[in-house]
Amino acid sequence: MTQDYFGFSLVRSVPNNGTVAVNNPADISVIVIYFVVVLAVGVWAMVSTNRATVGGFFLAGRSMVWWPIGASLFASNIGSGHFVGIAGTAAAGGLAIGGFEWNALVVVIILGWLFVPIYIKAGVVTMPEYLRKRFGGQRIRIYLSVLSLFLYVFTKISADMFSGAIFINQALGLNIYLAVILLLSITALYTVTGGLAAVIYTDTLQTIIMVVGSFILMGYAFNEVGGYENFQTRYMEAIPTLTGVNISESCYTPRPDSFHIFRDAVTGDLPWPGLVFGLTVQATWYWCTDQVIVQRCLSAKNLSHVKAGCILCGYLKLLPMFLMVFPGMISRILYPDEVACVEPEECLRYCGASVGCTNIAYPKLVVDLMPNGLRGLMLSVMMASLMSSLTSIFNSASTLFTMDIYTKIRSSSSEKELMIAGRVFILVLIGVSIAWIPVVQSAQSGQLFDYIQSITSYLTPPIAATFMLAIFCKRVNEPGVFYGLTIGLAIGLTRMISEFAYGTGSCVTPTNCPEIICGVHYLYFSIILFCISCLLIVSISLMTKPIDDKHLHRLCWQLRNSTEERVDLELDNWKEDQEPTYVDMDDKREPTEEPGCCKKATHRHLRETHVEERGQCQRHHPPVRLCFLARILRLNISSYWNPPCPGVWTV
């Protein structure tokens with residue numbers, strides 16, 4: 001493993017020889033105007049439409065039609081990490097990375113036709129809620145909460161901060177870690193001034209500008225290389241000037257199969273069985289079980305709009321091949337010495353990573369090819385999109401830790417203590433994520449998207465197996481799922497920890513990780529882990545008591561059309577059915593029960609992130625988590641419930 005794997009070698013880097021690209025009035029003006037408009041929309045959303053925003057976000061989602069659902073699915077999936085990661089891997093290996101995006105064309109159809117109908121018939125709003133109804137108990141829910149926090153750190157926060165820092169690094173010539181601090185500072189300002197509320201109104205605008213701007217950039221890029229025919233020829237000749245004496249030729253020449261999506265099953269960098277089957281396992285976890293994606297489908301007016309939205313998203317997923325993959329490959333043609341560098345010293349000089357600089361492929365195109373004004377607009381949209389993502393992740397992670405984990409550790413904690421714990425946890429999360437950035441930078445030969453997909457392959461196949469069997473196999477039960485998830489996680493962590501302990505290495509300095517551990521491609525490992533998890537879940541379930549049908553009506557595929565009343569599974573380990581007592585806002589007395597709204601956070605219907613008046617949630621009291629959020633945001637939600645949350649302020 002190289003010295004800068006855990007050493008913060010980025011501190012020594014001065015990319016672009018210290019050049020500051022955003023130094024003209026047009027770019028600066030566009031960036032300033034854009035952020036002023038976004039912040040103004042946020043303030044307006046907080047002040048003048050606070051009730052509508054809360055009601056729309058938590059309750060009125062059932063009125064969504066197909067086209068915003070499809071656009072939102074696409075916007076939630078695509079971010080600056082995609083532009084950096086996919087373009088970087090395309091610059092290194094060619095077209096095959098586009099198969100990762102095209103795989104979603106099939107999986108989103110599976111989401112709309114197979115998974116969402118069960119979620120709707122089950123009357124659930126969140127994925128942990130579905131598993132609780134399907135299996136009962138709390139072990140699986142706590143497992144998912146802890147694993148989600150791991151995934152936030154390893155694949156979302158650190159990767160997003162790193163990709164955003166690369167954009168700032170290329171535009172302003174700042175050190176990566178200084179860029180991260182600047183990014184976090186602006187994100188804090190963005191959140192405090194109402195930017196988080198403005199995300200609902202600005203996401204569509206940001207998506208349109210990103211798509212239009214990316215098409216313009218693609219036009220400039222193809223114009224630079226002289227069209228598609230020249231593009232094919234020149235890519236195969238894109239070799240850096242400095243190649244070193246003892247470096248193998250295969251490390252710096254483009255792959256012979258660069259323009260093939262389906263590659264050799266043994267020698268391919270992205271083998272076709274892994275691309276078809278292994279990637280489908282990861283895509284099933286992401287598109288069919290991830291709360292962010294599924295929540296958008298659950299907000300539809302009816303199932304027809306869900307299906308139409310999934311089809312629209314599928315069509316939009318055709319675009320990344322043209323918006324990210326081709327520009328990434330063209331960046332290697334135009335800047336072979338920087339993007340395709342192979343000498344560790346040269347790579348350190350250009351991007352601060354000795355394993356390679358392909359991650360700068362797309363930001364470098366934006367900085368160098370876009371005209372003044374458009375360059376500033378693209379950079380500002382990327383940053384705003386990234387900050388919206390970070391604020392959402394920070395809040396989701398904080399709520400997850402506070403309400404699902406901390407309340408189990410200290411069940412008698414006060415509301416003030418919960419709020420302090422949530423805010424401190426965000427700081428810890430940021431610190432761990434920043435410390436993990438050197439690993440993100442050096443892993444998988446410096447290719448960000450391959451790094452994200454590899455971590456996903458190690459940790460998520462057991463979850464995909466759980467949801468698939470929960471829906472399509474009535475016989476599986478809670479013990480089978482819990483032990484299948486636990487053993488599957490242990491196997492995945494063994495591979496992940498071993499790989500990072502030895503280092504993933506690069507073509508120039510290969511890793512010394514034993515072949516039996518790291519020799520299996522991560523997409524193949526995903527298939528193996530998925531099969532092992534399915535086998536464990538089914539085997540243990542067959543050896544234990546089955547769940548009676550009376551508990552499974554409308555929770556699995558065989559009983560999806562059942563009209564019989566479902567009896568919810570008893571939760572013996574946790575006393576969650578105790579209703580908190582609320583008083584009217586006009587009554588100045590304290591609640592008749594001493595625990596407040598948030599101290600009853602373990603109620604089984606009241607701990608989900610987004611609660612709607614749907615299915616089993618047909619009660620008159622406001623959800624505890626909504627009370628918690630309303631107190632933080634100082635919003636009045638009394639018009640939606642009677643009696644309302646005690647102590648909620650009116651703006």
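So, how was this worked out
Residues numbered from 1 in each chain as written. Predicted model: local features only at pLDDT ≥ 70, side-chain atom pairs only at ≥ 80, totals over all residues. Heavy atoms only, no water. UniProt positions renumbered as here; feature names shortened; annotations may be inferred. Helix = DSSP H or I, 4+ residues; strand = E, 2+ residues; numbered from the N terminus. Buried < 20%, exposed > 50% of the residue type's maximum accessible area, 1.4 Å probe, protein only. Contact = heavy atoms within 4.5 Å. Areas by Shrake-Rupley, 256 points an atom, 1.4 Å probe, with all protein chains shown as cover. Disulfide = S-S within 2.5 Å. Expected span 1.5 Å × (residues − 1). Phe/Tyr/Trp six-rings, centres within 6.5 Å; stacked < 30°, edge-to-face > 60°. Axes fitted to C-alpha atoms, helices over the stretch in contact; angles between N-to-C directions. Parallel < 35°, antiparallel > 145°, perpendicular 65-115°, else oblique. Nonpolar A, V, L, I, M, F, W, Y, C, P; charged D, E, K, R; others polar.

Identification of the protein as Sodium/glucose cotransporter 1 from Oncorhynchus kisutch is taken from an unreviewed UniProt entry. Looking at the protein in UniProt, the text filed under Sequence similarities (unreviewed entry) is "Belongs to the sodium:solute symporter (SSF) (TC 2.A.21) family." Of the comments in the UniProt record for the protein, the one headed Subcellular location (unreviewed entry) reads "Apical cell membrane".

For the protein, the count of helices and strands is 26 helices and zero strands. The buried share among the 651 residues of the protein stands at 59%. Relative to all contacts within the protein whose residues are 6 or more apart in sequence, the contacts with residues 24 or more apart total 79%. Of the roughly 25700 Å² of accessible surface on the protein, a fraction of 63% belongs to carbon and sulfur atoms.

Scanning the model with the defined rule gives three disulfides in all. With a sulfur-sulfur separation of 2.1 Å, Cys351 is cross-linked through a disulfide to Cys357. The sign of the S-S torsion, about -80°, decides the handedness of the disulfide formed by Cys351 and Cys357: left-handed. When sorted by exposure, Cys351 lands in the same class as Cys357, which is buried. Two residues, Cys513 and Cys518, share a disulfide whose sulfurs are 1.9 Å apart. Residues Cys513 and Cys518 are joined by a disulfide whose S-S torsion is about 65°; by sign, that bridge is right-handed. The class of Cys513 is buried, set by a relative accessible area of 9%. Among the cysteines around Cys313, which has no disulfide bond, Cys310 carries the closest sulfur, lying 7.1 Å off. Classification of Cys313 as buried rests on a relative accessible area of 0%.

Turning our attention to helix α6 (residues 104–122). For α6, which comprises 19 residues, the first-to-last C-alpha distance of 25 Å matches the rise-based estimate of 27 Å (1.5 Å per residue) to within 8%. Inspection of α6 places Ala104, Val107, Val108, Leu111, Gly112, Phe115, Val116, Pro117, Ile118, Tyr119 and Ala122 among the buried residues, and these make up the whole buried set. Looking at the packing, one finds that the buried side of α6 touches α5 (98–102), α7 (127–135), α12 (272–289), α13 (291–298), α14 (303–316) and α22 (461–472). Positive backbone phi, at 70°, marks Gly123, one or two positions downstream of α6.

Looking now at helix α8 (residues 139–172). At 3.6 residues per turn, the α-helix brings residues three or four places apart onto the same side. Here α8 contains 34 residues, and its C-alpha end-to-end distance of 48 Å stays within 8% of the 50 Å for a straight helix at 1.5 Å per residue. Gly173, located one to two residues past α8, shows a positive phi value of around 70°.

Before going further, it helps to spend a moment on the environment of Asn561. You can see Asn561 is positioned in the loop between α25 (522–542) and α26 (624–633). The exposure class assigned to Asn561 is exposed, which follows from its relative accessible area of 54%. The spatial distance from the C-alpha of Asn561 to the C-alpha of Lys121 is 8.2 Å, given a sequence separation of 440 residues.

Now for the packing of aromatic side chains. In this structure the tally under the stated criterion is 23 aromatic pairs. Judged by centre distance (6.4 Å) and plane angle (50°), the rings of Phe115 and Tyr119 are tilted. Here Phe115 pairs with Tyr119, and both are found in helix α6, just four residues apart, close to one helical turn. On the basis of an interplanar angle of 90° and a centroid distance of 5.8 Å, the ring pair of Tyr235 and Phe259 is categorised as edge-to-face. Taken together, the residues span a long stretch of sequence, with Tyr235 in helix α11 (residues 227–235) and Phe259 in the loop between α11 and α12 at a distance of 24 residues.

Right, let's get into the environment of Ile527. Looking at the secondary structure, you find Ile527 in helix α25. Residue class for Ile527 comes out partly exposed when judged on its relative accessible area of 24%. Sequence separation between Ile527 and Ser457 is 70 residues; the distance between their C-alpha atoms is 8.5 Å.

In this fold, Pro240 is placed in the loop between α11 and α12. The sequence separation of Pro240 and Arg332 amounts to 92 residues, and the corresponding C-alpha distance is 9.2 Å. Those residues within four positions of Pro240 in sequence are excluded, and the remaining contacts are Tyr252, Pro336, Asp337, Ala340, Cys341 and Val342.

Turning to the side chain of Glu101, a few remarks are in order. Locating Glu101 in the fold gives a position in helix α5. The exposure class of Glu101 is buried, given its relative accessible area of 3%.

Positive phi, normally seen in glycine, also occurs at Arg554, with a value near 65°. In this structure, Arg554 sits in the loop between α25 and α26.

At a minimum axis separation of 9 Å, helix α3 (residues 66–77) and α13 run at an interaxial angle of 175°. Compared by their axis directions, α3 and α13 come out roughly antiparallel. Contacts between α3 and α13 involve Ile69, Ser72, Leu73 and Ser76 from the first element and Val292, Ile293, Arg296 and Cys297 from the second. Partitioned by chemical class, the residues of the contact of α3 with α13 number five nonpolar, two polar and one charged.

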